[in-house]
Structures are given as C-alpha cells and as structure tokens.
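# Fold and contact review
Spelled out from the first residue to the last, the chains are:
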Amino acid sequence: MNRRLFIPHHVTGFWTPVYSESELTTGSIGAGILLGGALAFYHGDYVSYNGAMLEVGVGARIASPFPLGYGYAGSAVVSIAKAVAEAGLGREAFVKAHVEEVLRGTGLGDVLAIYTGGCLVVRTRPGAPGVGEAFSLPCPGLIVVAVDLRREDTSEMLKMRRDAILEAGSEAVRGFMRNPSFESFLEHAYLFSKRVGFLSGGLADLRRLPGVVGLYAKKGVLLIFVERDKARDVTEAVRGFGGVHLAALGELRVTWI
Ligand SMILES: Nc1ncnc2c1ncn2[C@@H]1O[C@H](COP(=O)(O)OP(=O)(O)O)[C@@H](O)[C@H]1O
Ligand SMILES: CC(C)(COP(=O)(O)O)[C@@H](O)C(=O)O
C-alpha cells in the first residue's frame, strides 16, 4: 500500500463511561475536540508510533505531533491504523478498533468520535460506530495551544478517578445538552477538569492570559483555546509545563492522502 492514512486525534472535554456486557455497547457519552493529526504509512511487519515499536504484525508506521499515553487518544489512532490495514477504510474497521480499545482498557469514546469526524464531536449514545451515536458541531477560528503535561495510563485513570468522573461527567453532559454550543462545551469541559482534578498547580489561572477564550485538561493533556494573534504569547507562557503544539481548529476526518 503506497497511500498514507490521515487520522485526527481526539481530546475529550468531559465524559461519562458506560459499561455493558458487550464491547459493542460499551463506550462513553460526552464531547471532545478533534485535533490533528497522525499519518499512518503502511509497510514492513510491525506497528510503531513515532519510532517506538508497539507490536509485530500489521506493517504500520504512525507519525504524529502528539505523544502516546498522554490523552490525545493515541491508542485509538493506533487501533484505527491497524484495523484499516486489515479491513479497509469503512465502518467495519472502526468497529474493530473500538472493540480493541475497550478490550485493552485504553479508550471508550475516542473511536466513535474520530469515525464521526468534524470539529467538536458530541457523543449521545455509547458504543461502537453503528451502535453508538454522535454528531459534530462547528468550531470558531481559534488556535489550540496543546501542552503535554504527563503520561498517565487510561485504565488506571478511569479506576482512580471513577467516582469523580461519574459525578462530574453526568452533570457536564446534562448541562451541555441543554444548550449544545462551542461556548457551553468550553465552560463544561473546564468545570469537569477542575472537579476531576486534572487542572492542578495553577493551570486554571492560565484562563486569565490575554486572548484565552477557554481551557481544559484531560489526563495528561492541557488544551488552551486562543485568539489567533495571541497564540505565540500563550505558547511562550506555557513552555515550562511541557511540550507545546499549536493547531488551528477545523473540520477533520480520517482520509487517504
Ligand atoms: N492499539 C494498540 N496497539 C498496541 N499498543 C497499544 C495500543 N493502544 C495502546 N497501546 C499501548 O498503550 C499505551 C498508551 O495507551 P493510552 O494511555 O490509552 O494512550 P492515549 O492516551 O494516547 O490514548 C501505549 O504505551 C502503548 O504501549
Ligand atoms: C477518556 C477516554 C475514556 C480515554 O481517552 P485516552 O486516555 O485518550 O485513551 C476516552 O476514550 C473517552 O471515552 O472520552
């Protein structure tokens, strides 16, 4: 295969996990932003992510600006890249990827969001593509300043912060669904990150920087939404917290390029 597959990343702002007896109906409801993305090159006989070998089997080299394990849904990107090599670019591949995510304990709603495409993706019914339901809302022309705060294991995070996620997640979903808009997403994502404990050590104060429209943190990722002309200043202000990436908000979906 000579073509490369473009796969956007996804950073949930808030979510409520929903577990059931089947992987197909297990997932999460909530909302998140697509960012990106990664490129999968199909050759060789192993899967790698930014040069690190993950497993022998499908030949897929994944190159991404974002690190694996921080909360950019890197694990969903890997599962999608592998499943498309086996099943082609269609719903079946995304169903396979969702099932792998649930079985590995590395994700719940990321594959459904990436399959849906768009900018702000809202998951209203949990599960694999075709079972779960989601829709996308447009985003304003802002820049996202993304910061790699720390690596954290997804299954560990879901276990350790379980009660807070359930409580803050259902409140955020209820509040957001009363008025689903980009602004209301930013407000509920901020409150969710504070309540779950993702926004510690002065991170919340970054909201006061000039040009900042909103921010939230998820696992080990901080996303700051900034007016275009202030993006450089905000980037300089957050350098001390970790690796920094800039991305323009826009419509994204999985495509061959
Ligand atoms: N689909 C996959 N195939 C192989 N290994 C994977 C896959 N998904 C995740 N991993 C492993 O799990 C770890 C990261 O998973 P996770 O914490 O969920 O990442 P992220 O937050 O980027 O989605 C990686 O270190 C990698 O070794
Ligand atoms: C938050 C999470 C359960 C995991 O996301 P990640 O750590 O990026 O794999 C996600 O899949 C979701 O349902 O919103």
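Residues numbered from 1 in each chain as written. Chains lettered and ligands numbered in written order. Predicted model: local features only at pLDDT ≥ 70, side-chain atom pairs only at ≥ 80, totals over all residues. Heavy atoms only, no water.

An unreviewed UniProt entry annotates the protein chain as Pantoate kinase originating from Pyrobaculum arsenaticum. In the Pathway (unreviewed entry) part of its UniProt record, the protein chain is described as follows: "Cofactor biosynthesis; coenzyme A biosynthesis." Here is the UniProt Sequence similarities (unreviewed entry) comment for the protein chain, exactly as written: "Belongs to the GHMP kinase family. PoK subfamily." (UniProt positions renumbered as here; feature names shortened; annotations may be inferred.)

So, on to the site of ligand 2. Taken together, 15 residues lie near ligand 2, and Thr12, Ser28, Thr106, Gly109 and Lys218 sit nearest. Taking Leu108, its main chain carries an N or O atom lying 2.8 Å from an oxygen atom of ligand 2. Its free accessible area being 370 Å², ligand 2 has 99% of it covered by the protein chains. The site holding ligand 2 turns out to be the largest pocket. The residue makeup of the shell around ligand 2, split by class, is 3 nonpolar, 8 polar and 4 charged. Taken together, domain 1 (4-137) and domain 2 (143-248) each give at least three residues to the shell around ligand 2, which thus spans both. (Near = heavy atom within 4 Å. Polar contact = N/O pair within 3.5 Å; in protein donor to acceptor, adjacent residues only side chain to side chain. Areas by Shrake-Rupley, 256 points an atom, 1.4 Å probe, with all protein chains shown as cover. 1 Å grid on protein atoms, 1.4 Å probe; cavity = no way out; pocket = protein on both sides within 12 Å on 5 of 7 lines; lining within 4 Å. Sits in = over half its atoms within 2 Å of the grid points. Nonpolar A, V, L, I, M, F, W, Y, C, P; charged D, E, K, R; others polar. Domains from an automatic or database assignment.)

Attention now moves to the domain arrangement of the protein chain. Segmenting the protein chain into domains produces domain 1 (4-137) and domain 2 (143-248). One C-alpha centre belongs to domain 1, the other to domain 2; they are set 20 Å apart. Across the boundary between the two partners, domain 1 contributes 31 residues, which contact 37 residues of domain 2. Of the roughly 2,600 Å² buried at the junction of domain 1 and domain 2 (both faces included), carbon and sulfur atoms supply 74%. Ranking the residues of domain 1 by area buried against domain 2 places Phe14, Trp15 and Tyr70 at the top, with a combined share of 28%. Summed over the shared surface of domain 1 and domain 2, the result is 0 salt bridges. Remark: the boundary between domain 1 and domain 2 carries 10 residue pairs in polar contact (both at pLDDT 80 or more). Counting residues per element, the ones that place at least two in the side of domain 1 that touches domain 2 are strand 1 (4-18), strand 2 (27-41), strand 6 (120-125) and strand 7 (133-137). Here the side of domain 1 that touches domain 2 gets 7 residues from one element, more than from any other, and that element is strand 1. The residue makeup of the side of domain 1 that touches domain 2, split by class, is 20 nonpolar, 11 polar and no charged. (Contact = heavy atoms within 4.5 Å. Buried area = accessible area lost by both parts, 1.4 Å probe. Salt bridge = Lys/Arg side-chain N within 4 Å of Asp/Glu carboxyl O. Helix = DSSP H or I, 4+ residues; strand = E, 2+ residues; numbered from the N terminus.)

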